[in-house]
Structure formats: C-alpha cells, structure tokens
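# Results of the structural survey
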Amino acid sequence: MSILSIEELSLKDEDCLSPIVSQATDTDSDQDLDSDEKINITKEMSVAEVYMEACKLVGVVPVSYFIRNLGSPTMTLTHHGLGSLGCKALAIALVSDVHIRTLELAYNHIQAEGVKCLVELLRANFTIQHLDLSNNHLKSEGAEHVAKMLLDSISLKSIKLSGNGFTDDDASHFTEALSTNSRIKDLDLSHNKFCGRGGEHLGQLLANNEGLEVLDLSWNHLRMKGAVAFSAGFKVNMMLKHLDLSWNGFGNEGALAMGEALKFNNTLVHLNLSYNCLTNEGVSMLCRGLEYNETLRVLLLAYNSITVEGALALVNVVKNTPKTALEQINICNVLVNENFVNLLDLTCQEHPDLDVQYEGVGGFIAHKPPKRVDPMKIIQDYLDKRKLRLWDFFRNIDKDGTMRVPVSDFRKAVQQSSIPLDRYQIEELIHRLDRDRTGVVDYRGLADTRKQMMRDHRRQLKKVESRQKKEKQKSDRILQTFQTAVEAVTPRSSMIISPGGAKDESGGPQPFSATPLSSWHHIVMSNSSRYSVTNLSGEHVHLPMLGGISPYYRPTSSPAMRSYSQPNLLADSSHSPTNKSISAQGIRSDLEMEHSKLSPTENSLTRSRPALSAEQPESKVKTKKLKKRKLKKHIDKSSKNPTKSIK
C-alpha cells in the first residue's frame, strides 16, 4: 500500500485533497499520446484509511467511534478530546465524505486552529449542513475564522457557537458575515459575553439578514441599551420565527422596547423571555405590543418577578384581542387566585387553543392598603367646620384648663363625640400626643397641626410628582434610544408614509410625514421654518420634498434659494375664484397681500410664506425696544446712586 505524503494530506486554499491519488501521469505529451498509452495508476482509498493516515502524520490517536459510524448522516463527536490536531485529521478525512449531514464537535477544545481547518473543509465538502462547535474555546480569533466559514460555505444551514467566550467586538464579525449569507437558518450564540455594543451589532444583524429563522441568545448580558438596540433591529426583521432571550436581564426597559417591536413584527412565533427580571410593569409594557401582534404563538415568561396582576394582564390581552395567535403562555412560578381562574375559563371559551401554565391557586393581588387620613387633620377640620376651639371641645374633661388630660378621659371624650375617627385612628392620635407613655395626653399639639399638615401634604405631593416625572423621563429616554437605534439599522431609502388625515379637495399641500419603517416614530421636520408652516389651528403641515432635495439639506440664506423650499401655491392665482391669495395654510389675510405688493424683491415663489418673513422684523424691533428700556432704567439707577453716596 502506498503511503500518502504530508503535502498530499494538507489542506490548501487553492487545492483540496481528494482520496483518489494519482501515482504516475505523463504530463509532457498529453496531446500526443493516445488514451491507451497514458499511465494513470490510481488507487482509491476509503475515508477510514485516509483518516488513519492523517492521524499518523499529525501525531494523534484515531477516534474509533468515528471509524465505526462512517456512513451515518449524523456524526456525534462530543467530549472526545480532539484538540486542534485531531480536528485537522478529521477535516482531512471528511473532504470527500458524502454521507455526513450533521457534525457535532462540542466540548473538544479545538480552538481557533481547529476552526481554521474546518473552514478549508467546508470549502470542499458540500454535504455538511449542521455544525456544532459549542464550548471549544474559540475566543476572538476563532470568531474571525467562523465568520470566514459563514461567508464561504454554501451548504451550511445551522451552526451552534454556544459557550465560546465571544465578546462585543466579536459580534461585529457575525454581523458582517450574515448580512450577505441568507442560507443560515439556525444560529446559536448562547452562553457568551455579549453586552451593550454586542446588542447593537446583533440588532444590525437582524436588520440586514434575510434568512435567519431561529436565534438563541440566552445566557448573555443584553441589558439596558443592548436590549433596546437589539429590539430595534428585531423590529425591522421579517424572517425570524424563534427567538430565545432567556437569562439576559432584559428588565422592564428591554420589555418596553420589545413591546414596541412586537407591534410591527409579524413573523415571530416563539419568544422566550424567562429569567429576565421582568415585573408586572414590564409585562404591561409587553402587552402593549401583544395587542397588535397576530403571529406570536408561544410566550415564555417563567421565573420573572410576576404576580397575579401580571398574569391577569396577559390573559386580558388574549381575551380582548380577537386576532391574537397566542396558544401557550408559561408563567409556571406564579401563584394565581380564583379571579384569574374564572377569567381564564372565560377566555378559553373564545380561544380554546390557549394553554396557560401557572404554579397553582393560592396567590393574591398585592394591593397597597388605602392610606389612612391623618387623625389630627380630621379633628382640625371638624373644629374649623363648627368654628370651635380645642378648649371648647375638651373643657368638660379639662376643668383646670391646662390642656392636659388623662388618656382614658381623652379616649372616652373622642369616642362619644361626633368626630369621624375609628379605633385605630384614635390609638394613633394618643400615641402621637403621648410619646413617652406617661398616661397623660397633652393636646396642645393639636393647635399647631394646620401648618404642619399643609407642609407635610405639599412635601408628599412633591415626592409623588418627582417620582412620576422620573418614570416618564426614563420611559421617554428608552423610547428615544429605541427610535435612534431603529434609524441606525434602517436604510435612508426605506421610508413609508405614515397614516395621514383626510385628503383636502382645495388642491393645497396635503399633510405629509416620512417615517423610517414605523408609524409611531415621526421625523419632526418642523424644527426649521424652512420645512413647515403653522396653520390656523396650531398644527404643523409637513410639506413634500421638491426636486429630490433631502429634508436634511440646508439651503443658503439667499431669497432665491429660500423660494424653492415650498411649492408654488400662487402661480395660478389669477384663476382663483376670489382675488385673495392662498398660502400654505389655505387662507391669506389682506395684510399679507399688502406686504407682498410692497416688497419689490418678492416673486411668485416666495409669496407662500409672507407671514414668516413678516413676523421676524417685529420681534427684532420689540427686542430692541426692550433693550433700550433696560438701558434707561440702568442709567437712572446709576444716576441716583451717586447722589445717595454724596449725602
């Protein structure tokens, strides 16, 4: 048996190994010799023989399991300790294999060098469709080789890259590779180290990829900005069907962004958000998107901080949304109550396919107890209403007028009076007036309660307003980040017209708004007066762009350039039924007509905006007058001061 050389077994970019080895060929006179005179001594070697020879040359022990299972469509070599050299021998043997469809190489520590050999393998082998490289310590260098593999392979449909220590920078390699490769249908990137910037890259991946259907990103660190940026890319994706985001710490911020994305995504079928630190507030934000989604069937929310309130919100969404496709909701750690069970039974009558998995019956809605009214305030209001003094009220029990009475007499007097205090409020009042437990109530403290109560009430209102303001600012900040991320992953040319108002039959400009693939995020073009005018109702009329001019283009300040910022609305004014001109608002006053007649430099194109040009000089004149008044006051004060100092 002939022995193959290392050069014949090694994998090169331009020439891949074939098991048919040519031993003797005459290359000098191929055209002159007949076919019978050619000497082509070939010997076919099996895949097992090639593998054995390759193991000898690279110096590794052959894997007997591989030899025994040759010919089966699935080759499982998990935990076989291949290493980079063993992976190289395996790649040499599999170049000509035509049987294996699934190759599992998890937990083999093949590192980046092993992946480099697999890249060469997949350039020659067109039968391997599923590849598992989980937990192989690929790191950043291996991520680059995997990206090359995804770019070159034409047969690979799914790849598992779990637990390889990929970081945020490595996510950019996958984004670049999968932006052009639409053949990969299943991608597993779980148990890695993707954080904020990784979420941005992965969101870009979803926005650009047109083939991925299953994505597993569980056990990463997609939180806050990373979660929002990823949700923005998911919003514009039109292919993904199965998404696993469990164990990421999405939080309520990520739930808000995911809810906004679900309003527009109509392909996702399975969503896993288990172990993501969601609360009832986050579930309510998620439900806002579920109200508009018609494709999601499975929603997993297990082991989040959800109570009966969140469970009721989920079932109510299904009940109130006739077009919903939800069939399974997993909240297996939530204890529910009878109200939930009754609501679920009623919902299942309308949606018989619905299956909600919960822990059991025994939960309760943790409503905050109603805050008790301050008993001092009740007494003070009672006295003010009847125009009484404290001494008038307690004089029957306070014979000496010292405003100090025993606790028992004070309790009895309050109970027998018509003051609307219950037993708990009376005890609270006694405790506040007798802090040292002396048995004597000093009700002089009731005299000064009015101002203190008002101060406490104002302080409490400020706290509530401050908390609500902070929550609103936080939500607005998250939505703004989400909008920015959507714009970043959306091409400039991908614009849709948002739902506008009714058409105007007057022939004037119609309301127009360009939005990047969403109807809730509007590009407000009214920041500059060049692109909007204010109509009589106070609303902004967005005008269409002319001549292909971008809304971001800033024209010069010359009148000739400004004249092209709006269409010519008065070019045909002679045919109008009345002599009055029509501006962008639809109506033009007589003062505007006079101004247009008096201005010699104004042409027919600039007459559509006289109000804007007329208001500006007035504001300047007003400011100048105010400055002159301030200067006069300042001079008067300075003139008065020296006289005072002299005196």
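Above this text sits the structure in question.
A brief report on the enclosed structure follows.

Scoring rules and cut-offs
Residues numbered from 1 in each chain as written. Predicted model: local features only at pLDDT ≥ 70, side-chain atom pairs only at ≥ 80, totals over all residues. Heavy atoms only, no water. Salt bridge = Lys/Arg side-chain N within 4 Å of Asp/Glu carboxyl O. Helix = DSSP H or I, 4+ residues; strand = E, 2+ residues; numbered from the N terminus. Buried < 20%, exposed > 50% of the residue type's maximum accessible area, 1.4 Å probe, protein only. Core = buried A, V, L, I, M, F, W, Y, C linked by side-chain atoms within 4.5 Å. Contact = heavy atoms within 4.5 Å. Axes fitted to C-alpha atoms, helices over the stretch in contact; angles between N-to-C directions. Left-handed = near helix turned anticlockwise from the far one by under 90°. Nonpolar A, V, L, I, M, F, W, Y, C, P; charged D, E, K, R; others polar.

Applying the stated criterion across every chain yields a total of 7 salt bridges. In this structure, Asp 169 engages Arg 197 in a salt bridge whose closest nitrogen and oxygen atoms are separated by 2.7 Å. Taken together, the residues Asp 169 in helix H7 (residues 168–178) and Arg 197 in helix H8 (residues 196–208) connect sequence positions 28 residues apart. Under the relative-accessibility criterion, Asp 169 is labelled partly exposed at 46%. Accessibility expressed as a relative area gives 41% for Arg 197, which makes it partly exposed. One connected set of salt bridges, linked through shared partners, spans Glu 120, Arg 123 and Asp 152.

With that out of the way, let us pick up the nonpolar core. Burial of nonpolar side chains together is a common tendency in soluble globular proteins. With 108 residues, the main nonpolar core has Phe 66, Met 149, Leu 161, Phe 174 and Leu 243 as its most contacted residues. With 7 residues, helix H12 (residues 308–320) is the largest single contributor of residues to this core. If we ignore the near neighbours within four places in the chain, the residues touching Leu 243 are Leu 215, Phe 230, Phe 234, Met 258, Leu 268, His 270, Leu 271 and Asn 272. Counting 17 residues, the second largest nonpolar core, distinct from the first, contains Val 405, Val 407, Phe 410 and Leu 429.

Right, let's get into the packing of helix H16 (residues 407–416) against helix H17 (residues 423–433). Contact geometry of H16 with H17 gives a least axis separation of 11 Å together with a crossing angle of 140 degrees. The chirality of how H16 crosses H17 is right-handed. Contacts from Val 407, Phe 410, Arg 411, Val 414 and Gln 415 in H16 reach Ile 426, Glu 427, Leu 429, Ile 430 and Leu 433 in H17. Taken together, the residues of the contact of H16 with H17 sort by class into 7 nonpolar, 1 polar and 2 charged.

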